[in-house]
Amino acid sequence: MLLQRVVVFVQRVRAYLILLALLLASVALMQLDNERQLRGLTALTLVGVGAMHSLFGGFPNPIALRQENELLHRLNTELMLEVIQLRRARAENEQLRQLSNLRALVPYGFIPAEIVGLTVGQLRNYAVLDKGSADGVQVGMPVVTTAGLLGRVFDVSAHYAIVELLENRDVRIAVRLEKSGAEGILAWEGTVGRFLLHYIPTSVPVQAGERVLTASSSDRFPPDIPVGTVYAVEREPASGFYRIHVVPVIPYQVLRHVAVLQHVPHPERRLLEQRLRKLGRE
Amino acid sequence: MAPSLLPGVQVWLRLVGYSLAAFCCTVLHIVFLPLVAVAGIVPDLLLLLVFWIALREGQIAGTLAGFAIGVLMDLVLPGALGLSAFAKTLAGFVVGFFAPVGNDDLRMMSIGKLLSVVALGSGVHNVVYFALFVHPMDVNPVEFVLKYAGASTGYTLVVATLLVLGLQLWWRRRVISER
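Computed from a predicted model, the values in this text were never measured in an experiment.

Reading the values: the criteria
- Residues numbered from 1 in each chain as written.
- Chains lettered and ligands numbered in written order.
- Predicted model: local features only at pLDDT ≥ 70, side-chain atom pairs only at ≥ 80, totals over all residues.
- Heavy atoms only, no water.
- Phe/Tyr/Trp six-rings, centres within 6.5 Å; stacked < 30°, edge-to-face > 60°.
- Buried < 20%, exposed > 50% of the residue type's maximum accessible area, 1.4 Å probe, protein only.
- Lys NZ or Arg CZ within 6 Å of the ring centre and 35° of its normal.
- Pairing = 2+ DSSP bridges.
- Helix = DSSP H or I, 4+ residues; strand = E, 2+ residues; numbered from the N terminus.
- Polar contact = N/O pair within 3.5 Å; in protein donor to acceptor, adjacent residues only side chain to side chain.
- Contact = heavy atoms within 4.5 Å.
- Core = buried A, V, L, I, M, F, W, Y, C linked by side-chain atoms within 4.5 Å.
- Expected span 1.5 Å × (residues − 1).

Quick look at the packing of aromatic side chains
Here is step 1 of the chain: For the structure shown, the criterion picks out five aromatic pairs over all chains.
Here is step 2 of the chain: Seen in terms of ring centroids, Tyr129(B) and Phe130(B) are 5.3 Å apart; in terms of plane orientation they differ by 85°. Their pairing is edge-to-face. The residues Tyr129(B) and Phe130(B) share a single accessibility class, namely buried.
Here is step 3 of the chain: Against the face of Tyr231(A) rests Arg194(A), its NZ or CZ located 4.3 Å from the ring centre.

Now the structure itself:
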């Protein structure tokens, strides 16, 4: 009798009992989640899932593709910035290494300095160095890298110096062509990375690619420092001179580390030259 | 009370049919549903299969199907084992409670009632699932459950609506052709 009642009761609530048993089994599965045997089973199903993906997985998903595209764009930008930083570091490293060898190349003492600021695009281009009079920098000192001439110190304070770059409206430099030795005056004509070399007679052979160096006829800069390279030559029949286009050896925009040569024009020579100019005007 | 399990060969045939349907739904779930995922949420086709079984075969069959399909899902989809089984067992039981009894047929159920049952079952499933899912996470559980359970229930309901409408249409055509 009792057994019959129990059977009836179980039949009545069997759905709940089954539910309870299955929920308990689910909880047991949750507890067994990290067990080694089950890991083998899940690994096996993952193989099946992988096979399914490889079998049917060739369908393009426009939303996922767009997201992937955006992600790749972002990644690309990040990588590009990283490459720029690495390139800058490499260039800086190269410049520093070259500067350490400068002493062997230049018969002058020099003061290593870093460009901390640039004012460009106003036809009067200057660079600010992190070295000043306290470091021995004086007005008129040439500023170079191992590649060539950058400019000269225009003004100086205790800890900073302003360099008048070659790409400056007021700069005129006495230069010579490397092969012929013909001397002329180099001036910036207002276009970035372009100079004009004046007063080279058309009787002198000039070729594109020839180097332009500082001349010894002026004491303003030490002689034979590379300034630029000839890239185009035009004849000016009326004047008997060439119009020579020169590109600078140093794109100063990418520079950071430079050297200030401890060279100042000789006061006695400068005085004589000033007197000569005075006489010429009279 | 819900009808008991079908005897004999018919039971086995139905079992094979449901197994095949589960396999197809699993393939769809794994391979094709990610294509229609919205913010990582996909409609739960296997849950709809559980509801179908529960409404056709009754509460016990629905509960058992919920467990079996849940375990299948736990195995093939990344996540904690037993989680889906737990939620789907409960959902199968809840939906099975509304299965037609006696001479009543599933076809007699109105679309509104059918969708309400699906919404209830889906809601129960998703709340339980995401509540258990969020447990080890360092997020606001209420916000998480409401957000994901709501979204998942809504998306599943949209698919269920389409399926129910399609089914109704098919049933009507069948009745007309029989006449």
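Some details on the pairing of strand S7 (residues 183–188) of chain A
Residues and elements named next belong to chain A.
Here is step 1 of the chain: With five bridges connecting them, strand S6 (residues 172–177) and S7 associate as antiparallel partners. Bridging from a neighbouring strand, Ile173 pairs with Leu186 of S7.
Here is step 2 of the chain: With antiparallel pairing between neighbouring strands as the criterion, S6 and S7 make up a hairpin whose turn holds five residues, including Gly181 at a positive phi of roughly 80°.

A closer look at unusual backbone geometry
Residues and elements named next belong to chain A.
Here is step 1 of the chain: At Tyr199, a position not held by glycine, the phi torsion is positive, near 70°.
Here is step 2 of the chain: Relative to the helices and strands, Tyr199 is located in the loop between strand S8 (195–198) and strand S9 (211–214).
Here is step 3 of the chain: With a relative accessible area of 52%, Tyr199 lands in the exposed category.
Here is step 4 of the chain: Its identity as a non-glycine residue notwithstanding, Asp224 has a phi of 65°, on the positive side.
Here is step 5 of the chain: Residue position: Asp224 is located in the loop between S9 and strand S10 (226–236).

A few points about the side chain of His245(A)
All names here are of chain A.
Here is step 1 of the chain: On the secondary structure map, His245 appears in strand S11 (residues 241–248).
Here is step 2 of the chain: Judged by relative accessible area, which is 15%, His245 ranks as buried.
Here is step 3 of the chain: Reaching out from His245, the side chain makes a polar contact with the side chain of Glu234 at a distance of 2.7 Å.
Here is step 4 of the chain: In contact with His245, other than residues within four places in its own chain, are Phe195, Leu196, Thr229, Val230, Tyr231, Ala232 and Glu234.

Topic: the nonpolar core
All names here are of chain B.
Here is step 1 of the chain: Membership of the largest hydrophobic core comes to 30 residues, with the highest contact counts inside it found for Leu48, Phe51 and Ile69.
Here is step 2 of the chain: Those elements that place two or more of their residues in this core are helix H1 (8–32), helix H2 (45–57), helix H3 (59–76), helix H4 (83–96), helix H5 (111–134) and helix H6 (141–178).
Here is step 3 of the chain: Broken down by element, this core gets its largest block of residues, 10 residues, from H2.
Here is step 4 of the chain: When near neighbours in sequence (up to four residues on either side) are disregarded, Leu48 contacts Val118, Thr156, Val159, Ala160 and Leu163.

Considerations on H3(B)
Here is step 1 of the chain: Over its 18 residues, H3(B) extends 25 Å from the first C-alpha to the last, a length consistent with the 26 Å expected when each residue adds 1.5 Å.
Here is step 2 of the chain: Among the 18 residues of H3(B), 15 are classified as buried, and the element is accordingly described as predominantly covered.

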